[in-house]
Amino acid sequence: MLGIKDNKEWRDGVYLCTANGSFEADIFESKLRGEGIPCIRKFRGASNAMEIFMGQSVVYPIDLYVPAETLEDAKNIILAFPLEEDSSEGLN
């Protein structure tokens, strides 16, 4: 799901997290851009070609990078964003 590594730089950005596919990356990127934080994607393997041909990347994860000066804010936005609700809530 969400992987956080040490600060790696790529294309004027630092590593933020890894999304499992293009849908999850779209959600993260939308949330970040909504807060005014630019985001770039680094595709692994053939995932960029898969996204072009098939419409989404289902094979490889996608790394997300943000400017170094926005890294802490971006972490707070991404980590505070729930991906799944706890299924045990509301059962009582």
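So, a few notes on the structure that sits alongside this text. These numbers were taken from a predicted model, which means no experiment stands behind them.

**Structural notes on helix 1 (residues 22-34)**
Line of reasoning, step 1. Over its 13 residues, helix 1 runs 18 Å from end to end, which matches the ideal 18 Å to within 8%, given 1.5 Å per residue.
Line of reasoning, step 2. Gly-36 occupies a position one or two residues after helix 1 and carries a positive phi of about 85°.

**A word on the environment of Pro-61**
Line of reasoning, step 1. Residue placement: Pro-61 occurs in the loop between helix 2 (47-54) and strand 4 (62-66).
Line of reasoning, step 2. Linking Pro-61 and Ala-25, residues 36 residues apart in sequence, is a C-alpha distance of 9.0 Å.

**Observations regarding the pairing of strand 2 (residues 13-19)**
Line of reasoning, step 1. Most of strand 2 sits out of view: 7 of its 7 residues are buried.
Line of reasoning, step 2. Bridge count between strand 2 and strand 4: 5 bridges; the pairing is antiparallel. For Ala-19, the partnering residue across the bridge sits in strand 4 and is Ile-62.

**Brief notes about the pattern of salt bridges**
Line of reasoning, step 1. Summed over the entire model, instances satisfying the criterion amount to 3 salt bridges.
Line of reasoning, step 2. Across the pair Arg-41 and Asp-26 runs a salt bridge whose closest N-O atoms are separated by 2.3 Å. Highlighted residues: Arg-41 in strand 3 (residues 40-43) and Asp-26 in helix 1, separated in sequence by 15 residues.
Line of reasoning, step 3. Accessibility expressed as a relative area gives 16% for Arg-41, which makes it buried.
Line of reasoning, step 4. Glu-29 is paired through a salt bridge with Arg-33; the nearest N and O atoms lie 3.0 Å apart. With a gap of 4 residues between them, Glu-29 and Arg-33 both fall in helix 1, about one helical turn apart.
Line of reasoning, step 5. Here the salt bridges share partners, and the residues they tie into one network are Asp-26, Glu-29, Arg-33 and Arg-41.

**Considerations on the nonpolar core**
Line of reasoning, step 1. Counting 16 residues, the largest nonpolar core has Leu-16, Leu-32, Leu-64 and Val-66 as its most contacted members.
Line of reasoning, step 2. Secondary-structure elements contributing two or more residues to this core are strand 2, helix 1, strand 4 and helix 3 (71-79).
Line of reasoning, step 3. Leaving out residues up to four positions away in the same chain, Leu-64 has contacts with Val-14, Tyr-15, Leu-16, Cys-17, Ala-25, Phe-28, Cys-39, Ile-40 and Arg-41.

Conventions adopted
Residues numbered from 1 in each chain as written. Predicted model: local features only at pLDDT ≥ 70, side-chain atom pairs only at ≥ 80, totals over all residues. Heavy atoms only, no water. Helix = DSSP H or I, 4+ residues; strand = E, 2+ residues; numbered from the N terminus. Expected span 1.5 Å × (residues − 1). Buried < 20%, exposed > 50% of the residue type's maximum accessible area, 1.4 Å probe, protein only. Pairing = 2+ DSSP bridges. Salt bridge = Lys/Arg side-chain N within 4 Å of Asp/Glu carboxyl O. Core = buried A, V, L, I, M, F, W, Y, C linked by side-chain atoms within 4.5 Å. Contact = heavy atoms within 4.5 Å.

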